[in-house]
Structures are given as structure tokens and as C-alpha cells.
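Here is how the chains run, residue by residue.
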Amino acid sequence: MSEGYAIELYFDPALENQVLKAWNVVARRQISTHLIEIESRPHITLFSSPFIDPSKLENIVKTFAAKQDPLPLSFGSIGSLCNDNNVLFLAPTPTLPLLQFHFQLCDAMKREGIEIGEEYRPDSWIPYCPVAEEVPKNRMAEAFTVLRDLKLPVNGYAMDIGLVEYSPVRELFSFVLGSSSVES
């Protein structure tokens, strides 16, 4: 049974490879392999909910994606979420285009009657790209040290938006920004 669904923003191949390098460095040090194990891919989560009808989201996301251009992204810092999952992440510069992109998606979903949970509402959403999850507390400092060796900022573009079911991660659909064609 699914734990939930998430709308994720995906990157161009060069940016995705830079993030995967970070995942692999953390995995080689045996700090965390969780993202690799659940078969995730580098992303920024735009929305997540345990209770959503995926078919209701497909047309919303498809229409939204068709009206968007690829979005420039710059990951310039490393951060952490000290919750039950002990997440380390790359933080994108919160540019006006990124914040507007998220706001417009939320607005499109609200118009279709989809409730946006507190952490994904535009006034409280924190954009981030996870690079390690379930990091043991006694290894957080080591993980930060390893990630500090990355050459930041890492720049690229968000190119696709998709819906995944988790965990493990299974992509249900994705659309290229600026195009109405379906990717598999």
C-alpha cells in the first residue's frame, strides 16, 4: 500500500548528475543509501499528500506544465531538516520564478478543490533537493563535511514535473515543461 503521492520537479541531465554525485558520495561513506534504495531521483517536492486521487492530478499537472518554461535553478547551500528522517539537502536560491512556479501550481490545484497541506502552502513551503535521508544523528556532522566538499553553486534547469507514488518511488506520470507531450 502506498504511503502517499508527491508532485516533483525534475532537473536537466547535467544538474541531475551533479545531485547524484552527492548521493553517491554519501552512500560510499555508508552514511545514507535511503534515496537510492527507494529508487528516488533528484527532485524538489512541490506537493505531497497521503490522500489524493492521482487521476485528478494528471490533467492539472499536464495543463500546468504546458504553460511553463524550463526553470533556472541554482543550489548554493547545504541544509538539514532535523525531524524523524534526518534529511540533508541542497537548497535552491529561492528566486521569484521558483516561488511563482510553486504558487501557480498550488493555485491551479486549489481551483480544482485539492487541499494543500501546511508545509506545501506557498507561504510556508521550503524548497529543497534531498541528498541524504535517515542519516544517523551521530553522523550528521560527517555528512555535512562530506557535502561541503561539493563545488557549489550547482546550476541547471528544472525540465519536467511528475507525480510519484512512494515508497518505493514509482513515477505515475511526468510532463516536460513547455510541452503537452507525456514522458514515460
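Structural notes, computed from the coordinates. Not measured: the values here are computed from a predicted model.

**Observations concerning the pairing of strand E4 (residues 87-92)**
At step 1: Counting buried residues in E4 gives six out of six residues, a clear majority hidden from the surface.
At step 2: Where burial is concerned, the two faces of E4 agree: the one with Val-87, Phe-89 and Ala-91 and the one with Leu-88, Leu-90 and Pro-92 are both buried.
At step 3: Relative to E4, strand E3 (residues 71-81) is paired through six bridges, and the arrangement is antiparallel. Bridging from a neighbouring strand, Ser-77 pairs with Ala-91 of E4.
At step 4: If you look at the hairpin formed by E3 and E4, you'll find five residues sitting between the two strands, and Asn-86 has a positive phi there, around 40°.

**Here we look at the layout of surface pockets**
At step 1: One number sums up the size of the largest pocket: a volume of about 780 Å³.
At step 2: Forming the boundary of the largest pocket are 27 residues, of which Asn-85, Tyr-120, Tyr-128, Glu-133 and Tyr-166 lie nearest the centre.
At step 3: Breaking the lining of the largest pocket down by element, the ones donating at least two residues are strand E1 (4-11), helix H2 (34-37), strand E2 (44-49) and strand E6 (154-166).
At step 4: Of the residues contributing to the lining of the largest pocket, the split by class is 13 nonpolar, nine polar and five charged.
At step 5: Secondary structure elements with two or more residues in the lining of the second largest pocket: helix H3 (54-66) and helix H4 (96-111).
At step 6: Residues that form the lining of the second largest pocket fall into these classes: three nonpolar, four polar and four charged.

Cut-offs and rules
Residues numbered from 1 in each chain as written. Predicted model: local features only at pLDDT ≥ 70, side-chain atom pairs only at ≥ 80, totals over all residues. Heavy atoms only, no water. Buried < 20%, exposed > 50% of the residue type's maximum accessible area, 1.4 Å probe, protein only. Helix = DSSP H or I, 4+ residues; strand = E, 2+ residues; numbered from the N terminus. Pairing = 2+ DSSP bridges. 1 Å grid on protein atoms, 1.4 Å probe; cavity = no way out; pocket = protein on both sides within 12 Å on 5 of 7 lines; lining within 4 Å. Points joined across faces, edges and corners; volume = space filled by probe spheres on them. Nonpolar A, V, L, I, M, F, W, Y, C, P; charged D, E, K, R; others polar.

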